[in-house]
Amino acid sequence: MILAAAAAFALTSCVGVLDQEPMSSDIVGSDEVYSNPTYRLGQLSKIYGSFNLTGNNGAGSSDIAVSDAGASEFIRAWWSVNTLTTDEAKCVWGDGWVKEIITNTWTTTKNDAIYATYVRGVMMVTLANQYLRSTDDSDPEIATERAEVRVLRAMAYWMLLDTFGNPPFTTDADPMGAVKPQQTTAPVLYAWLKAELEDLVSEESHLKAVHTQTYPRLDKGAAYGLLSRLLINHKTYLGTEDKEVYQQAMDAAEQVIGKYTLAPEYRELFMGDNGQNPDALGEIVLAACYDANKTQSYGGPTYLIAASTNNNNNLGLAAGWAGLNTSTQFVANLLGAAADGAAVGQNVDDFTTTDKRALVSLKYSDKKEQAIDAFTSGWHVYKFNNLHSDATDLYGEHTNVVEQFASIDFPLIRAAEMYLIYAEAKTRIDGGTTSDAKAVKCITDLQKRAGLNPAITSITLDNVFTEITRELYWEGLRRTTLIRFDKFVEGSYVWPFKGGAESGQALAAHMKLFPIPDEDLVANPNLTQNKGY
């Protein structure tokens, strides 16, 4: 027996398709939850909401044991372990777990971001498995919902694969709670995900066709996008490289590229109305949805904005937490030599003339050199902006802002990523350089949107890496990208404070993966710790 109200606590949609009125507090049997369409849709919403809600009692509550409820949110935790561990950003807060993450010095001691990423991923899989056990494909509408749940489960498993490599593994075929889960391996989980996603994009799949489902629910576009991302990273998970798999990554990416379009304005992809903006929705394939009234949490875009400013009247949010900064070295990827010539006090509009994606600022900085204990030492990223796309003075102060939470949908998969995967895969197939017209066009289309004037007829892997850096920064993919390009642990590519050294240093090879939390190792004797920990 469960509370019916709990079935819908994680309603995440910014639009009506997943919105549900709060249910009564009557006790409802588990069978009725799935036989009653209203309750069943509440359960579906809860699985979608696994990305961004933290507890049953509002933004300050958490249903997992961490020191800060906001840090327990799945998107925030996953973003932190994939971004703060890299050259994209650091956080100046003094929490012990934060310092471990930003200096790459974590151990098996409980770290809130690592722990929350693991537990939230496992929880999402558990919710999805229960939904699939409790329903079947006899009704066409439910069959579509079940296919969506399988994609969401695949996303959670991909996140676990990418961060932990060897997580516990269960499916809806396993009885609930009867036995403790067995541990899988990266190659086995990769193979399962590949087969699962290939089935979900097949003609027999109950998913709706690419870019035909009502937003924010997903369709085959999300399945193709996740499949393409999985395949481009196959060397990371398998240890060997296969040109045939790169071709498969291209084929999957092409299915998205053919049905989605690039938004004319890059910045509008990350603004407060991106979930209602037709241009943004032409590019966003899958998103974690946020609404200032319905999905309040101190994670996601609320965190990314509030922690990036010390001013309560900035970026459409009445919150300034003074936490995140980045280095001139990283900003040079966006601005080139102009980063060295930039002056304290300059704001976003001074930099987007170089590249429209350079949504960075020195407005509230005292100096450009990054420090990990002073917010005003370093650059600030203003990529996420809670103002609407028709607002004026987008990066100035707005004293009438009252919203404490952001309404920006966090893009989990964008068509632009598929452009980059296509170009990278073809370049790898061709040995590191390609003149393939379509691959080159994938890069130049992104550059043209950024206001650049490309005149290139071939691309190299270095070109692709640079473009990935410019296009996808702060979207939670940096660590994955650095590992794929042999730049995460290696000493040949360093950044400030990498490995705890001010000028950066190499990391131990085992730090490509995070440790499985000790709590789960104690609770489940089937699990063993990742090598090196």
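Up top is the structure these notes are about.
Residues numbered from 1 in each chain as written. Predicted model: local features only at pLDDT ≥ 70, side-chain atom pairs only at ≥ 80, totals over all residues. Heavy atoms only, no water.

(A) Spatial organisation of the overall build of the protein. Assigned secondary structure in the protein consists of 20 helices and 12 strands. Computed over the C-alpha atoms, the radius of gyration of the protein is 22 Å, within 12% of the 24 Å expected from 2.2 N^0.38 for a compact globule of 533 residues. Counting over 533 residues, the protein shows a buried share of 62%. Pairs at least 24 apart in sequence give 66% of the contacts found in the protein among residues at least 6 apart. Total accessible area computed for the protein in this model is approximately 19,100 Å², and 49% of it derives from carbon and sulfur atoms. Computed over 43 positive and 66 negative side-chain charges, the separation of the two mean positions in the protein equals 5 Å. (Helix = DSSP H or I, 4+ residues; strand = E, 2+ residues; numbered from the N terminus. Rg over C-alpha atoms; globule rule 2.2 N^0.38 Å. Buried < 20%, exposed > 50% of the residue type's maximum accessible area, 1.4 Å probe, protein only. Contact = heavy atoms within 4.5 Å. Areas by Shrake-Rupley, 256 points an atom, 1.4 Å probe, with all protein chains shown as cover. Lys, Arg positive; Asp, Glu negative; His and termini not counted. Charge placed at Lys NZ, Arg CZ, Asp CG, Glu CD.)

(B) Molecular detail of the environment of D63. Within the secondary structure, D63 sits in the loop between α2 (37-48) and α3 (74-83). Judged by its relative accessible area of 38%, D63 falls in the partly exposed class. Spatially, the C-alpha atoms of D63 and R120 are 9.9 Å apart, while their sequence positions differ by 57 residues. A polar contact is formed between the side chain of D63 and the side chain of R120, at a distance of 2.6 Å. (Polar contact = N/O pair within 3.5 Å; in protein donor to acceptor, adjacent residues only side chain to side chain.)

(C) Quick peek at helix α5 (residues 112-133). With 22 residues, α5 extends 31 Å between its outermost C-alpha atoms, agreeing within 8% with the 32 Å of an ideal straight helix rising 1.5 Å per residue. The element α5 is extensively covered by neighbouring structure, given that 16 of its 22 residues are classed as buried. A side-chain oxygen of the first residue of α5 lies 3.1 Å from the backbone nitrogen of A113; this N-cap is N111. (Expected span 1.5 Å × (residues − 1).)

(D) A look at the pattern of salt bridges. For the structure on display, the rule yields 32 salt bridges. In this structure, E417 engages R229 in a salt bridge whose closest nitrogen and oxygen atoms are separated by 2.8 Å. Residue E417 is located in helix α16 (residues 415-429), and its partner R229 is located in helix α8 (residues 220-232); the two are separated by 188 residues in the primary sequence. One exposure class covers both E417 and R229, and it is buried. (Salt bridge = Lys/Arg side-chain N within 4 Å of Asp/Glu carboxyl O.)

(E) Structural context of the pairing of strand β10 (residues 410-414). Buried residues dominate β10, accounting for five of its five residues. With four bridges joining them, strand β6 (residues 284-288) and β10 adopt antiparallel strand pairing. The partner of A287 across the bridge, within β10, is P411. (Pairing = 2+ DSSP bridges.)

(F) The arrangement of the packing of α16 against helix α17 (residues 437-449) in detail. Two numbers describe how α16 lies on α17: the axes approach to 8 Å, and their chain directions differ by 140°. Like other packed secondary-structure pairs, α16 and α17 cross with a definite hand, here left-handed. Listed contacts from α17 to A416, Y419, L420, Y422, A423 and K426 of α16 are K438, A439, C442, I443, D445, L446 and R449. By residue class, the composition of the contact of α16 with α17 is nine nonpolar, no polar and four charged. (Axes fitted to C-alpha atoms, helices over the stretch in contact; angles between N-to-C directions. Left-handed = near helix turned anticlockwise from the far one by under 90°. Nonpolar A, V, L, I, M, F, W, Y, C, P; charged D, E, K, R; others polar.)

(G) Representation of the packing of helix α7 (residues 186-200) against α8. Put simply, α7 and α8 touch, their axes get as near as 9 Å, and they point 150° apart. Put simply, α7 runs roughly antiparallel to α8. Note on packing geometry: the crossing formed by α7 with α8 is left-handed. Between α7 and α8, the residues in contact are Y190, L193, K194, L197, E198 and L200 and K220, A223, L226, L227, L230 and L231, respectively. (Parallel < 35°, antiparallel > 145°, perpendicular 65-115°, else oblique.)

(H) Geometry of the side chain of T326. Along the chain, the position of T326 falls in the loop between β7 (324-325) and α13 (328-335). Separated by 2.8 Å, the side chain of T326 and the backbone oxygen of E88 make a polar contact.

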